[in-house]
Amino acid sequence: MSASPTPIVILASGRGSNYEAIARAIAEGQLAARVLAVVSDKPDALVLQKAQAAGHATVVASPESTLAELRKLDPKHEAFLVMAGYMRLVSDELIEAYRSSRGYARITNIHPSLLPAFPGVSSYAKAFRHGALITGVTVHLVEPEMDSGPICAQEAFGIVDCATEADVEARGLAVEHQLYPATLQWVLAEEFNIERRGDRLCVRPR
Ligand code: GRF
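Anyway, here's the lowdown on the structure attached to this text. (Residues numbered from 1 in each chain as written. Predicted model: local features only at pLDDT ≥ 70, side-chain atom pairs only at ≥ 80, totals over all residues. Heavy atoms only, no water.)

1. Details of the overall build of the protein
Along the protein, the regular secondary structure elements total 6 helices and 9 strands. Relative to a compact globule of 206 residues, whose C-alpha radius of gyration would be 17 Å, the protein shows 16 Å and is just as compact. With the principal axes as the frame, the protein shows a C-alpha extent of 50 × 40 × 35 Å. Residues classed as buried in the protein amount to 48% of the 206 residues present. For the protein, contacts bridging at least 24 residues in sequence account for 65% of all contacts bridging at least 6. With an accessible surface of roughly 9900 Å², the protein has 52% of that area assigned to carbon and sulfur atoms. (Helix = DSSP H or I, 4+ residues; strand = E, 2+ residues; numbered from the N terminus. Rg over C-alpha atoms; globule rule 2.2 N^0.38 Å. Buried < 20%, exposed > 50% of the residue type's maximum accessible area, 1.4 Å probe, protein only. Contact = heavy atoms within 4.5 Å. Areas by Shrake-Rupley, 256 points an atom, 1.4 Å probe, with all protein chains shown as cover.)

2. Some points on the layout of surface pockets
Of the volumes computed, that of the largest pocket is approximately 810 Å³. Every residue lining the largest pocket is counted, 38 residues in all, and those nearest its centre are G85, Y86, M87, I110 and P112. Looking at the lining of the largest pocket, the elements that each hand over two or more residues are α1 (17–27), β5 (107–111), α5 (123–130) and α6 (165–188). Looking at which element gives the most residues to the lining of the largest pocket, the answer is α6, with 4 residues. The class makeup of the residues in the lining of the largest pocket is 17 nonpolar, 13 polar and 8 charged. (1 Å grid on protein atoms, 1.4 Å probe; cavity = no way out; pocket = protein on both sides within 12 Å on 5 of 7 lines; lining within 4 Å. Points joined across faces, edges and corners; volume = space filled by probe spheres on them. Nonpolar A, V, L, I, M, F, W, Y, C, P; charged D, E, K, R; others polar.)

3. Structural notes on the site of the ligand
Neighbouring the ligand are R15, G16, S17, N18, G85, I110, P112, L173 and E176. In this structure, G16 approaches the ligand through a main-chain N or O atom, which is 2.8 Å from an oxygen atom. Between the ligand and N18, the relevant distance is 2.8 Å, taken from an oxygen atom to a main-chain nitrogen or oxygen of the residue. Taken by itself the ligand offers 370 Å² of open surface, and the protein chains cover 89% of this. Taking a 2 Å distance to the grid points as the criterion, the majority of the atoms of the ligand fall inside the largest pocket. Counting residues per element, the ones that place at least two in the shell around the ligand are α1 and α6. For the shell around the ligand, the class distribution of residues is 3 nonpolar, 4 polar and 2 charged. (Near = heavy atom within 4 Å. Polar contact = N/O pair within 3.5 Å; in protein donor to acceptor, adjacent residues only side chain to side chain. Sits in = over half its atoms within 2 Å of the grid points.)

4. Some words on the packing of α1 against α6
Relative to each other, α1 and α6 sit at 45°, their axes nearing to 9 Å. When the axis of α1 is compared with that of α6, the two are oblique. Here α1 and α6 pass one another in a crossing that is right-handed. Each of S17, N18, A21, I22 and A25 in α1 lies in contact with α6, whose residues at this interface are L173, E176, H177, Y180, P181 and L184. For the contact of α1 with α6, the class distribution of residues is 7 nonpolar, 3 polar and 1 charged. (Axes fitted to C-alpha atoms, helices over the stretch in contact; angles between N-to-C directions. Parallel < 35°, antiparallel > 145°, perpendicular 65-115°, else oblique. Left-handed = near helix turned anticlockwise from the far one by under 90°.)

5. Regarding the environment of I107
Residue position: I107 is located in strand β5. Along the sequence, I107 and M146 sit 39 residues apart, while their C-alpha atoms lie 13 Å from each other. Apart from the residues within four sequence positions on either side, I107 is in contact with F80, L81, M83, L94, I95, Y98, H140, L141 and V142.

6. Remarks on unusual backbone geometry
Along the chain, L115 connects to P116 via a cis peptide bond; the corresponding omega equals 15°. Within the element layout of this structure, P116 appears in the loop between β5 and α5. Phi angles above zero are rare outside glycine, and D147 is one such case at about 55°. Considering the arrangement of structural elements, one finds D147 in the loop between β6 (134–141) and β7 (151–158). Assessed through its relative accessible area of 17%, D147 is described here as buried.

7. Some remarks on the side chain of D74
Within the secondary structure, D74 sits in the loop between α3 (66–73) and β4 (80–83). Buried charge without a salt bridge: D74, with R106 as the nearest opposite-charge side chain at an N-O distance of 6.4 Å. Here the side chain of D74 touches E78 through a polar contact of 2.9 Å, landing on its backbone nitrogen. A distance of 3.1 Å separates a polar side-chain atom of D74 from the backbone nitrogen of A79. Ignoring any residue separated from it by four or fewer positions in sequence, one finds D74 in contact with L36, A79 and Y98. (Lys, Arg positive; Asp, Glu negative; His and termini not counted. Salt bridge = Lys/Arg side-chain N within 4 Å of Asp/Glu carboxyl O.)

Honestly, that's just the spatial picture; any functional story needs more than this.
Now the structure itself:
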């Protein structure tokens, strides 16, 4: 892999399985990135313990103080922000601070549904309770409105044979852990074209 590693700051609130998948992909040479820090709004988040064990810097910051912390970690805003189970909305000011000259914000998120279906929280459970036959995972760039930014990648999977919400989540997480690092590979390198469709920006790998 020849691309120089893109600095990333991972924002996460919880268990951190996506953080682990990303860190693994970096360690295995599958993803050209360098973790500057893991930032969490929750001081007791498991992801912080995992990051410390892996030797990554950790920061606890409220949504209001996150931009100030990022200015210390990444003064020139050269990093990509990678949201991985971050359960807070980021401020409009933070999104603008990371907006590139090509129009999109250099912030990614992973959402556990095929957006625009089931935005918000507990999306695997919502799909299960809705009786959906398939659901999926979306990786997208972040815009101020929740779960609304340009879609980078989606992967669907069947849930007809799932007996519980937990079954759907287990299947979904396995998809997430492959899809997020694979998508970050081209998103972080900004190897994508942008086209406008109606009032939306669409992102496609080159
Ligand atoms: C994942 O399902 C992710 O899609 C959603 O929150 C969950 C985070 O899981 N945004 P983890 O903390 O990465 O294990």
